[in-house]
Amino acid sequence: ADLSHEPRPRPQQQQLHVSCRPMTRSLAAGGPAQRLALHVLLGLALLFPEAPAPVPCTSALKITIQVGDRIRDMGLTQTIDHGDAEERVCETVNIGYQGMIILGCDEGFLNQTTELCEPKDCATYDALSVSLGSVTGTIFPAEIIKHSSSEERLCRIINPLYRGQMTLFCIYGKLSIDISECVTQWDPMERPPWVPRSRHAVLGLQGGAVLSIGGLGAAGPLREVWQWTPELGTLTGRWEQPWERPLPPWTGRYGAAVAWQLKEQGEQVVLAGGNDGQNKHDVWRWLRDPSKLVVPLVDGETTGTQSEDCDLDLKSLRCNSTFGVSGRRWRLPYDQWPSTDVFVDLTLSGEEPLNGTIIALQLDDCRQVFQVKAGQWSTYGCTGADPPWVEYHRSLLLGEGGEVQPGEPYVVRLSIDRARAEVVLSVNGAVLRPRSGGPGGPDGVIIDVCQPSGGGGSGGGAEPFGISAESGSSAAGVCSSGAMGAQGQYARPPLALKVVEVAAWPASTLEVRQLSLMAPAGFWQRLVDDAPWPARASHALVALPDGGLLLLGGLGSEGLLNDVWRWSPQMCTLLPDIDPAVAARYELECSFACQPSPQYGQWKQLPDAPWAPRQEHAAIWTSVGLIVMGGRTATGFENDVWRWTSAGAFCSLAWQGQWELSTPAAAWPPRHGHSIVGFTPSGSKYPETVLLIGGFGGEPEHEQVEREPLEFPIKSRGDMWCGNQALGNFSTWTQLAPFGPYTDRSQAGAVAAPSMGPFSLLFFGGYDTSSRFVVDLWRWTGENATADCKVEEIL
C-alpha cells in the first residue's frame, strides 16, 4: 500500500540520555589498561551519537476514513509498531463497498488508504423476495453479479403461470428486480357459445383455426361441430359454424378420434368411432374446402321402363336400351344436398346415339331434365316459362347444336348457382347457354320454383319449402319472378340436390364411367359405416407421414383394447375390380395385388401393442415416431411412454412397425383423459416438443393404513409437463407448472394456436374437479425456453 502523505512537523519527543562521567573518572584514575578502555569508549561515543527510539501507534489513535459517500473516524483494534499496518473491511465505513481499508503506523501517527475498496457485488447467497400475481418467492443470483450489472431470469421460476424475463440488478451489493416484462402465460378468453362439454375431439387447421367435434354434455352425446377462427393481428378469435349445413350427418357422440390430413383436394379431417349410446366403427371425413366427391355407382337404384337393361360391373354402368327407357337413380343423403355441381363421365353409342341420354336433377320438388335429341342438348322442367305444376313442358335448346358425337367420351357438368337460381350445363368444359337468351343473357337455365311463403304451392305431400328436414329452421327468401300467388309473395327454395338420374333412350347405349359431386366447404362424407376394426370409443387416431392413419386401443364392447390398425390409401383385395367404397369394409390383404384408393383405402390390422389395453390415452406423431402416453388400464392409471416407428416397403414386417418403451414411469403422475399439444420448430416437419396438460389419476390407494400419505393421490389435475425428443425420446419430462388458473380437469380440449405465437395453445372445456362439464376458453403463451423444456434457463 502507498503509505506516503504530506510531510508533517516532527513532534517533540522524549530523549534517552546516557551519562558516562562516573565511568571516565574511574578509568582516568587507573593504570594504562584503564586509560585504553577510556579511549575506546570515547571513540564509540563519537561514532554513534544520541538517536530517538521508533514510536508505536496505540488503539487510542483515530483517523478519518471516506469510502464512497460515507465518512467516519476509525482507529486500531490494538497497538501496532511503527511501519506495521492493520486491515479493516470497507463495509465498516460503507456497507455498499467491499474490499479492505489499510491503516498504517508512521512514528506514532496513523495513515490510511481506501484504494482497495470497490462497490460491492451481489453473491449467489444473496436473496430477494419477489411477488408475481398471488405467488411470493425468493430469488438468488445464478452467478455473482457485479455492481451496476444485471442478470436475466425467467419469470416462471417465481410463478409458473407467468412468462417473460425479469431483470435482477445489483447496486452496491443490494439486489433489486424489474418484473415489468412478466406477463401471465394463461389468459381467459371470451366464453364460447357452445354448451358445457367434455370428451370432445379437437385439432388444429391451417391458418391457426381450430375444430371442435362432438363431445358429452349434460343432455348426452353432442352432434355439433364448431370452428374457432383467429382474428388476424389480434390475440382473439371467434367461434362459428360457417357452413351451409352446420348439423353434421353423423350421430351425436363422444370419445371419437380425429386426425388432420392435407390431401390433393385440401385439408380434411378424419373422424373414427366414438360412442352415441353404443360404440361405433364408422369412418367419416370432413372437407374444409369445396371438393369433388365420387358417388359409388353401386349405391344407385334402377329406374325406367326397361331398367333390367342396365348392367353394373365393377368399372362402369352400361345401359343398353332397346324399346324403353333404361337408367339408374341415386338418392343423395341429406349431407350431400348442398352440392354445387354434378359431373357425369359418359359415352353415347347404339343405333340412335344422338337421341341417347337423359340426365335429371331433382332440386327440392323440381325435376329438371337435360337430354340429347338429334345430337343437341335441351332442357325442360322448372323453367321460367313453365312452372312445375304444368303437365307438359316445352324444351329449351342449349348450345349451338352438334355438340354430341357418337362413341366419344364426354364429361357433362351441371352447376347449380343457388344465388341466381339457375343451372349451367357444360360439356367437356364448354358452357351451353340457352339459345333464347340472346347476347348478355344468362349462362344457365333459370329454375323458377316458387311457393307461397305460407307453405302452399306445388309438390303436394312434400315438406314445406325452406324447412330443413333435419333442423326445422326456415331459410326462405322471396322469388323475384314467376307466377304470383294469392298472397302476392313466393318463397324461393334452397334448390337442395336430392336425386340424380341418368338414363338411355330407346335404341341407344349409355355408358357411365363415373358420377361425382362438388361438395361445399365443411362437407362431411361417410367413408365406411362398418370398418373392419371392432367398434370403440376413447381410442387414439394419428396421421402418418405416408398419408396413412394409425388407430390404437380404446374401449370396445368386450373391454379395453390394445390392438393397432393401419389405414392406407390402397385397395388390396381378391377382387381387383370391386368398388373402393365396398372394399373399405374389409381388411387389406397384403397377399393380393394392390391399386390406389386415395378416398376410401383399407385398414390392416398390425400386431397388438406390448402395452396394457387402455382407454383415454394420448398419442401424437413426432420427429422420432409415434408417442403413446398414459391412459387407464384394468389395474389403474398409467404414466408410461411408448414409441412406435415404421420403415420399409408397403406390407413388409418393418412397415408394420416396432414398439420401444421410452420409460415405464414418467415424472408426471399416472393419469387418463389428459390433453397433449405438439410444437414443431422452424426447419422441422414434425413436433419435437410435447406439452401434457391436466387429466385424472394418481397412485393406487394404500391397501392398509400408512403413516405417509400418497405423493400423488387420485384426483383431477391442472398441471403442465414438457417433454422433448432430445430428452431421451420423451423419456424425461419437466414440470412447467404444478397448477393452472382454471379448475383442475380431465377430458378437455387442447390445440396449438400458431397465430398467437410459436408456443401458444388454446385449452377449453372438460370435466372438472367439481364434477361438472365446463364451458370456458383459455389462451396459453409460452416462450423460447419451452422448446427445450427449460424452466430456469434463458435461451
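Criteria and cut-off values
Residues numbered from 1 in each chain as written. Predicted model: local features only at pLDDT ≥ 70, side-chain atom pairs only at ≥ 80, totals over all residues. Heavy atoms only, no water. Helix = DSSP H or I, 4+ residues; strand = E, 2+ residues; numbered from the N terminus. Buried < 20%, exposed > 50% of the residue type's maximum accessible area, 1.4 Å probe, protein only. Contact = heavy atoms within 4.5 Å. Areas by Shrake-Rupley, 256 points an atom, 1.4 Å probe, with all protein chains shown as cover. Pairing = 2+ DSSP bridges. Axes fitted to C-alpha atoms, helices over the stretch in contact; angles between N-to-C directions. Phe/Tyr/Trp six-rings, centres within 6.5 Å; stacked < 30°, edge-to-face > 60°. Lys NZ or Arg CZ within 6 Å of the ring centre and 35° of its normal. 1 Å grid on protein atoms, 1.4 Å probe; cavity = no way out; pocket = protein on both sides within 12 Å on 5 of 7 lines; lining within 4 Å. Points joined across faces, edges and corners; volume = space filled by probe spheres on them. Nonpolar A, V, L, I, M, F, W, Y, C, P; charged D, E, K, R; others polar. Salt bridge = Lys/Arg side-chain N within 4 Å of Asp/Glu carboxyl O. Patch = residues over 30% accessible without salt bridge, like charges linked within 9 Å, V, L, I, M, F, W, Y side chains within 5 Å. Disulfide = S-S within 2.5 Å. pLDDT = per-residue confidence, 0-100. Core = buried A, V, L, I, M, F, W, Y, C linked by side-chain atoms within 4.5 Å.

Caption draft 1: Spotlight on the overall build of the chain. Across its full length, the chain carries three helices and 63 strands. The buried share of the chain, taken over its 795 residues, is 49%. Contacts spanning at least 24 positions in sequence make up 58% of the contacts within the chain whose residues lie at least 6 apart. With the model as given, the accessible surface of the chain reaches about 37100 Å², and the carbon-plus-sulfur share is 52%.

Caption draft 2: Up close: the sheet that holds strand 55 (residues 675–679). Within the open sheet, the four strands sit side by side as 55-56-57-58. Their pairing is antiparallel. Single-partner strands in this sheet number two, and they are strand 55 and strand 58 (733–737). Between one strand axis and the next, the sheet turns by 25° as a mean value, whatever way the strands run. In the sheet, strand 57 (residues 715–724) pairs with strand 58 via four bridges, with the strands oriented antiparallel.

Caption draft 3: Inspection of the packing of aromatic side chains at higher detail. Taken as a whole, this structure holds 21 aromatic pairs when the rule is applied. Seen in terms of ring centroids, W243 and W286 are 6.0 Å apart; in terms of plane orientation they differ by 80°. Their pairing is edge-to-face. One end of the pair, W243, is in the loop between strand 21 (237–240) and strand 22 (257–263); the other, W286, is in strand 24 (residues 279–287), and 43 residues separate them in sequence. Of the residues examined, W286 reaches a relative accessible area of 1% and is grouped as buried. Between F637 and F696 the ring centres are 5.9 Å apart and the planes differ by 75°, which places this aromatic pair in the edge-to-face class. Taken together, the residues F637 in strand 53 (residues 636–645) and F696 in strand 56 (residues 689–697) connect sequence positions 59 residues apart. Residue F637 is classed as buried on the basis of its relative accessible area, which comes to 14%. Owing to a relative accessible area of 27%, F696 belongs among the partly exposed residues under this scheme. By way of ring pairs, the aromatic residues W186, Y742, F763, W778 and W780 are connected into one cluster. In this structure, K292 packs its charged tip against the face of F343, placed 4.2 Å from the ring centre.

Caption draft 4: Here's a closer look at the layout of surface pockets. Estimated volume of the second largest pocket: approximately 790 Å³. Elements with a minimum of two residues in the lining of the second largest pocket: strand 25 (291–295), strand 42 (508–519) and strand 49 (594–596). Here the lining of the second largest pocket is built from residues that sort into 15 nonpolar, seven polar and nine charged.

Caption draft 5: Quick look at the pattern of salt bridges. The full count for this structure, using the stated rule, is 30 salt bridges. Here R367 and E501 are joined by a salt bridge, their closest N and O atoms 3.0 Å apart. Of this pair, R367 sits in strand 32 (residues 366–373) while E501 sits in strand 41 (residues 497–504); the two residues are 134 residues apart in sequence, bridging distant segments of the chain. The partner of D546 in a salt bridge is R566, and the shortest N-O contact between them spans 2.7 Å.

Caption draft 6: Fine view of a nonpolar patch on the surface. On the surface, a nonpolar cluster with roughly 390 Å² of combined accessible area is contributed by L314, L574, L575 and F592. Along the chain, L575 falls in the loop between strand 48 (570–572) and helix 3 (580–583).

Caption draft 7: Molecular detail of the pairing of strand 16 (residues 201–204). Looking at chain direction, strand 16 and strand 17 (residues 210–213) are connected through four bridges and run antiparallel. Within strand 17, the residue paired with V202 across the bridge is S212. Hairpin geometry of strand 16 and strand 17 is characterised by an intervening segment of five residues between the two adjacent antiparallel strands and by a positive phi of about 80° at G207.

Caption draft 8: Molecular detail of the state of the cysteines. Taken as a whole, this structure holds eight disulfides when the rule is applied. Here C310 is linked by a disulfide to C319, with a sulfur-sulfur distance of 1.8 Å. Handedness here is read from the sign of the S-S torsion; for C310 and C319, about 105°, the answer is right-handed. Disulfide pairing places C572 opposite C594 at an S-S distance of 1.9 Å. Sign of the S-S torsion, about 110° for the bond between C572 and C594, identifies this disulfide as right-handed. A residue pair is termed long-range when its members are at least 10 positions apart, and C572 in strand 48 and C594 in strand 49 qualify at 22 residues. The partly exposed category is assigned to C594, whose relative accessible area is 36%.

Caption draft 9: Broad picture of the side chain of S597. By secondary structure assignment, the location of S597 is in the loop between strand 49 and strand 50 (602–606). Residue contacts for S597: discarding those within four places in its chain leaves W567, P569, Q570, M571 and P580.

Caption draft 10: Layout of the confidence of the model for the chain. Per-chain confidence: the chain averages 86 in pLDDT, with 85% of residues scoring 70 or above. Across residues 1–20 the pLDDT falls below 50, and counting only partners more than four positions away or on other chains, this stretch makes 15 contacts in the model. When the criterion is pLDDT under 50, residues 451–492 qualifies, and its contacts beyond four places in sequence or with other chains add up to 74 contacts.

Caption draft 11: The arrangement of the environment of R191 in detail. Take R191: it is sitting in the loop between strand 15 (186–188) and strand 16. The class for R191 is exposed, based on a relative accessible area of 59%. Remark: the alpha-carbon pair of R191 and L777, spanning 586 residues in sequence, is separated by 6.3 Å.

Caption draft 12: Structural context of unusual backbone geometry. Of note in the backbone geometry, E616 takes a positive phi value of approximately 50° without being a glycine. With respect to the helices and strands, E616 occurs in the loop between strand 50 and strand 51 (618–622). In this model, N729 sits at a positive phi of 50°, which is unusual for a non-glycine residue. Note on placement: N729 falls in the loop between strand 57 and strand 58. The partly exposed category is assigned to N729, whose relative accessible area is 21%.

Caption draft 13: Just the sheet that holds strand 60 (residues 749–752), in detail. Judged by pairing direction, the sheet is antiparallel, and its four strands sit side by side in the order 15-63-61-60 without closing on themselves. Looking at the sheet topology across the chains shown, the edges are occupied by strand 15 and strand 60. Taken over all neighbouring pairs, the strand axes of this sheet differ in orientation by 20° on average, direction set aside. Bridge count for strand 15 against strand 63 (residues 777–781) is three bridges, and the pairing is antiparallel. Within the sheet, the bridge partner assigned to W186 lies in strand 63 and is W780.

Caption draft 14: Region of interest: the environment of W228. With respect to the element layout, W228 can be found in strand 20 (residues 225–230). The exposure class of W228 is buried, given its relative accessible area of 1%. As a C-alpha pair, W228 and A209 span 19 residues in sequence and 5.5 Å in three-dimensional space. Here W228 is in contact with M189, G208, A209, V210, T236, G237, R238, W239, M756, L762 and L777, once residues within four sequence places are set aside.

Caption draft 15: How the structure looks around the nonpolar core. Within the largest apolar cluster, 44 residues are counted, with the highest numbers of intra-cluster contacts made by V342, W377, L425 and L497. Not counting the four nearest positions on each side in its chain, L497 is found in contact with L332, Q336, W337, S339, V342, L361, Q362, L363, I416, R418 and L517. With 33 residues, the next largest nonpolar core counts C155, L161, L168 and A750 among its residues.

Caption draft 16: Spotlight on the pairing of strand 57. Within strand 57, nine of the 10 residues are buried, leaving the element largely enclosed by the surrounding structure. Sheet analysis places strand 56 next to strand 57, joined by eight bridges and oriented antiparallel. The residue bridging F696 from the neighbouring strand is S716, located in strand 57.

Caption draft 17: How the structure looks around the side chain of S426. Here S426 shows up in strand 36 (residues 422–427). Among the residues examined, S426 registers a relative accessible area of 9% and is labelled buried. In this view, S426 contacts V411, V412, R413 and V431; residues no more than four positions away in its chain are not counted.

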